[in-house]
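Overview (structure and organization)
Residue strings, one per chain:
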Amino acid sequence: MNRRRILAVGAIATLAGCVSYPGRSDPPSSEKLVRNAIETRRHMTDLQARRTMTVETPDETVERTERIACKPPAKQRIEVLESTDPDVTTGAVTVTNRATTWEYNPSTAIVDKQYHPNKTDTDRTRLVLESLLEESRLGYDGVDTVDGREAHVIETKPPIDDIGPAIDLVVGETTFVVPLRVTSDPDAMDITRTVWIDDAYRYPLKERHTISIDGETRHELTVTYTDLAIDIGLEPGTFTYDPPNDATVVTEGREPLGVFESRAAATEITPDDLPEPAVPESYLLDRVTVVEKAERFGTTTTLWYNDPNVVARELYVAVREVQRFSPDILEETAVDGHTAYRRDGRIQSVFWACDELNYEVSSLTDDTPLLEIAASIGCP
């Protein structure tokens, strides 16, 4: 569901009316409200809600309602309850966990099953909130009621390139691909993003994107949570999926040899000895994946660690039979007296070779002590 296309070419918008915040002479800080939402997201355990998405244009209105449950950053279940979107059928289901994604299309009775056991998971929603705080002009527009809940209304003016062909939402764990046929002068385009932040949860409850050209609204996307519940627990089996008996399952990606909860269980099938890295105390072993790739790439065993108190704060240690890094494009360093190589960027990494095995320690966060972790492994 990360790239669902909703055909939309313009809209006539009616923005919700808001009132001043009762009991306050000065409105609350928009920046503080967004920071609070970021902190809520950083420490969130689970979320469940009904989510309604509406696209209005001068020519049509497209809407769908879904039941959504998620455990950020990787686990998500979406069930489409009602839909007038021709590309998303009522009864469609998407279930994602750390290793696999299932997408069921009832109109074709096909389940797409994608294996991704070694996919790193960023927290897209938190990153979008952070980009709003850092890059947009925020304005407080009072208080509104959404699904019987009091919500603070924040209007933003995002950078023009935030729209492009895709819209990243803070409400809904989703990226929408929205094609726009803009024939007017781009300088005349006015883009407004409005976010409603729930007063009790301090979390986005509703979001609206409005695009106007030459003063005329051409496109409006509204996403709303109802029955929102955060950190109350989810039913067992929420992120597993059993395809219908009459469905055809089509697989993509390489199926892992195994995904294990402990090093001991993984050593029963992995051909290599597994290290015991000294990771920071806040990190716990989440899983061990063993993937046999094409013959020239051999087997990769990856130990995944995360901080259970902070969403998307994780690191991994990979043990490979075949070298997958290029020393010529990396910065040389040393690990426990052995030559190693660093990579900076979205993923911070340290690579080194030892006898017939290759090692990697990587993280998405800048504060991870990669060299210290790598030194604790050394050349076992």
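Keep in mind the model is a prediction, meaning the values are calculated, not measured. (Residues numbered from 1 in each chain as written. Predicted model: local features only at pLDDT ≥ 70, side-chain atom pairs only at ≥ 80, totals over all residues. Heavy atoms only, no water.)

A count of helical and extended segments in the protein gives four helices and 23 strands. Taking all 380 residues of the protein together, the buried fraction comes to 50%. Of the accessible surface of the protein, which amounts to about 18,000 Å², a share of 44% is contributed by carbon and sulfur atoms. (Helix = DSSP H or I, 4+ residues; strand = E, 2+ residues; numbered from the N terminus. Buried < 20%, exposed > 50% of the residue type's maximum accessible area, 1.4 Å probe, protein only. Areas by Shrake-Rupley, 256 points an atom, 1.4 Å probe, with all protein chains shown as cover.)

Let us now look at helix α1 (residues 30-42). Helix length check: α1, at 13 residues, gives a terminal C-alpha distance of 18 Å against a target of 18 Å (1.5 Å per residue), a fit within 8%. All of the buried residues in α1 are S30, L33, V34, A37, I38 and R41. Angularly, the buried residues of α1 cover 145 degrees about the axis, an arc narrow enough to put them on a single face. Each element contacted by the buried residues of α1 is listed here: α2 (124-135), β8 (137-146), β9 (149-157), β12 (189-198) and β13 (204-213). (Expected span 1.5 Å × (residues − 1). Arc of directions from axis to C-beta. Contact = heavy atoms within 4.5 Å.)

The next thing to look at is the confidence of the model for the protein. Fine structural detail should not be taken from predicted coordinates in areas where pLDDT scores are low. Scored by pLDDT, the protein has a mean of 87; 87% of the residues are at 70 or more. Put simply, strand β1 (residues 4-5) is where the protein has its lowest mean pLDDT, 30, and strand β7 (residues 110-115) is where it has its highest, 98. In this model residues 1-23 is a low-confidence stretch, pLDDT under 50, and it forms 85 contacts with partners more than four residues away in sequence or in other chains. Taken together, the stretch residues 179-184 has pLDDT below 50 and engages in 14 contacts with residues farther than four places along the chain or on a different chain. (pLDDT = per-residue confidence, 0-100.)

Turning our attention to the sheet that holds strand β21 (residues 338-343). Spatially, the eight strands line up as an open sheet ordered β16-β17-β18-β19-β23-β22-β21-β20, and their pairing is antiparallel. Each end of this open sheet is capped by a strand with a single partner; those strands are β16 (258-260) and β20 (331-335). Looking at each pair of strands side by side, their axes are set apart by 20 degrees on average, direction ignored. Pairing of β21 with strand β22 (residues 348-354), which is carried by four bridges, proceeds in the antiparallel orientation. Its bridge partner lying in β22, A340 is registered against W352. (Pairing = 2+ DSSP bridges. Axes fitted to C-alpha atoms, helices over the stretch in contact; angles between N-to-C directions.)

Turning our eyes to something else, we now look at the state of the cysteines. In total, this model carries one disulfide according to the counting rule given. Disulfide pairing places C354 opposite C379 at an S-S distance of 2.1 Å. Pair noted here: C354 is in strand β22 and C379 is in the segment after α4 (370-377), with a separation of 25 residues, a long-range link. Overall, C354 belongs to the buried group, its relative accessible area being 6%. Accessibility expressed as a relative area gives 28% for C379, which makes it partly exposed. (Disulfide = S-S within 2.5 Å.)

With respect to topology, twelve strands assemble into an open sheet ordered β8-β9-β12-β13-β14-β2-β3-β4-β5-β6-β7-β15, the strand pairing being mixed. The open sheet has two edge strands with one neighbour each: β8 and β15 (248-252). Averaged over all pairs of adjacent strands, the angle between strand axes in this sheet comes to 15 degrees, irrespective of strand direction. Relative to strand β14 (residues 216-230), β13 is paired through eight bridges, and the arrangement is antiparallel. Note on β14: the bridge partner recorded for I213 is E216. In the packing of α1 onto the sheet, the strands contacted are β8, β9, β12 and β13, and the crossing angle to β8 comes to about 70 degrees.

Our focus in this paragraph is the pairing of strand β3 (residues 61-71). The pairing of strand β2 (residues 47-56) with β3 spans ten bridges and is classified as antiparallel. In the strand pairing of β3, R51 is matched with E66. Where β2 folds back onto β3 in an antiparallel hairpin, the turn is made up of four residues. As paired elements, β3 and strand β4 (residues 75-83) share eight bridges and run antiparallel to each other. The residue bridging K71 from the neighbouring strand is K75, located in β4. Joining the antiparallel neighbours β3 and β4 is a turn of three residues.

Next up on the list: the packing of α1 against α2. Following both chains from N to C, one finds α1 and α2 inclined at 165 degrees, their axes separated by 10 Å at the closest point. Here α1 lies roughly antiparallel to α2, going by the angle between them. In this structure, the crossing between α1 and α2 has a hand that is left-handed. Facing E31, V34, R35, A37, I38, R41 and R42 of α1, the residues of α2 in contact are T125, R126, L129, E130 and L133. Residue classes in the contact of α1 with α2 are distributed as five nonpolar, one polar and six charged. (Parallel < 35°, antiparallel > 145°, perpendicular 65-115°, else oblique. Left-handed = near helix turned anticlockwise from the far one by under 90°. Nonpolar A, V, L, I, M, F, W, Y, C, P; charged D, E, K, R; others polar.)

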